Amino acid sequence: MAIKITDECIFCGACESECPNNAIYEGGVQWAIADGTTVKGDFVLKDGSIIDASQRNAPLATDLYYIVSDKCTECQGFHEEPQCAVACPVDCCVPDEMYQESEEELLAKKDKLHR
């Protein structure tokens, strides 16, 4: 299951630098699959759509930090627990029930992002 940032976010940025996949962005900032990963060329998103990894995409939030679920691996393969949640001073980095993924799926995603 990916992590999401709730509206309790105080915009401190503590989570952003902790993400090994660079899946966390400041509100209003465009994102790309290639940011902080080794992915180049076409990339298949979870919804089946194909984008260029370096393509800049519209921000998923404008008023608080957000997590790109296609890049979030809950830190599987890097750490014992999601580092954004560990770093968050207000506990607003929580599991995103919309994106249920097994440990095996999260590890496969990690391998896809960091070849």
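What you are looking at is a predicted structure, and each value in this text was computed from that prediction instead of being measured. (Residues numbered from 1 in each chain as written. Predicted model: local features only at pLDDT ≥ 70, side-chain atom pairs only at ≥ 80, totals over all residues. Heavy atoms only, no water.)

Enquirer: Could you give an account of the nonpolar core, with specific residues and numbers?
Expert: Residues Ile-5, Cys-15, Ile-24, Ile-67, Cys-84 and Cys-93 are the most contacted members of the largest nonpolar core, which totals 16 residues. If we ignore the near neighbours within four places in the chain, the residues touching Ile-5 are Cys-15, Ile-24, Leu-64, Tyr-65, Tyr-66, Ile-67, Cys-92 and Cys-93. (Core = buried A, V, L, I, M, F, W, Y, C linked by side-chain atoms within 4.5 Å. Buried < 20%, exposed > 50% of the residue type's maximum accessible area, 1.4 Å probe, protein only. Contact = heavy atoms within 4.5 Å.)

Enquirer: If you had to explain the packing of aromatic side chains to someone new, which residues and values would you point to?
Expert: Inspection of every chain in the model, using the stated rule, returns 2 aromatic pairs. Taken together, a centroid distance of 4.9 Å and an interplanar angle of 50° make the contact between Phe-11 and Tyr-65 tilted. With Phe-11 in the loop between strand S1 (3–5) and strand S2 (24–25) and Tyr-65 in the loop between strand S4 (50–52) and strand S5 (66–67), this pair connects stretches of sequence that are 54 residues apart. Residue class for Phe-11 comes out partly exposed when judged on its relative accessible area of 35%. The cationic tip of Lys-110 hangs over the ring face of Phe-78; the distance from NZ or CZ to the ring centre is 5.2 Å. Taking NZ or CZ as reference, Lys-112 lies 4.3 Å from the ring centre of Phe-43, over its face. (Phe/Tyr/Trp six-rings, centres within 6.5 Å; stacked < 30°, edge-to-face > 60°. Helix = DSSP H or I, 4+ residues; strand = E, 2+ residues; numbered from the N terminus. Lys NZ or Arg CZ within 6 Å of the ring centre and 35° of its normal.)

Enquirer: Mind laying out the layout of surface pockets, listing which residues take part and the relevant values?
Expert: Within this model, the largest pocket holds a volume of roughly 310 Å³. For the largest pocket, the lining is made up of 18 residues, of which Leu-60, Ile-67, Val-68, Ser-69 and Tyr-99 are closest to its centre. Elements supplying a minimum of two residues to the lining of the largest pocket: S1 and S5. The dominant element in the lining of the largest pocket, judged by the number of residues it contributes, is S1, at 3 residues. Looking at the lining of the largest pocket residue by residue, the classes come out as 12 nonpolar, 1 polar and 5 charged. (1 Å grid on protein atoms, 1.4 Å probe; cavity = no way out; pocket = protein on both sides within 12 Å on 5 of 7 lines; lining within 4 Å. Points joined across faces, edges and corners; volume = space filled by probe spheres on them. Nonpolar A, V, L, I, M, F, W, Y, C, P; charged D, E, K, R; others polar.)

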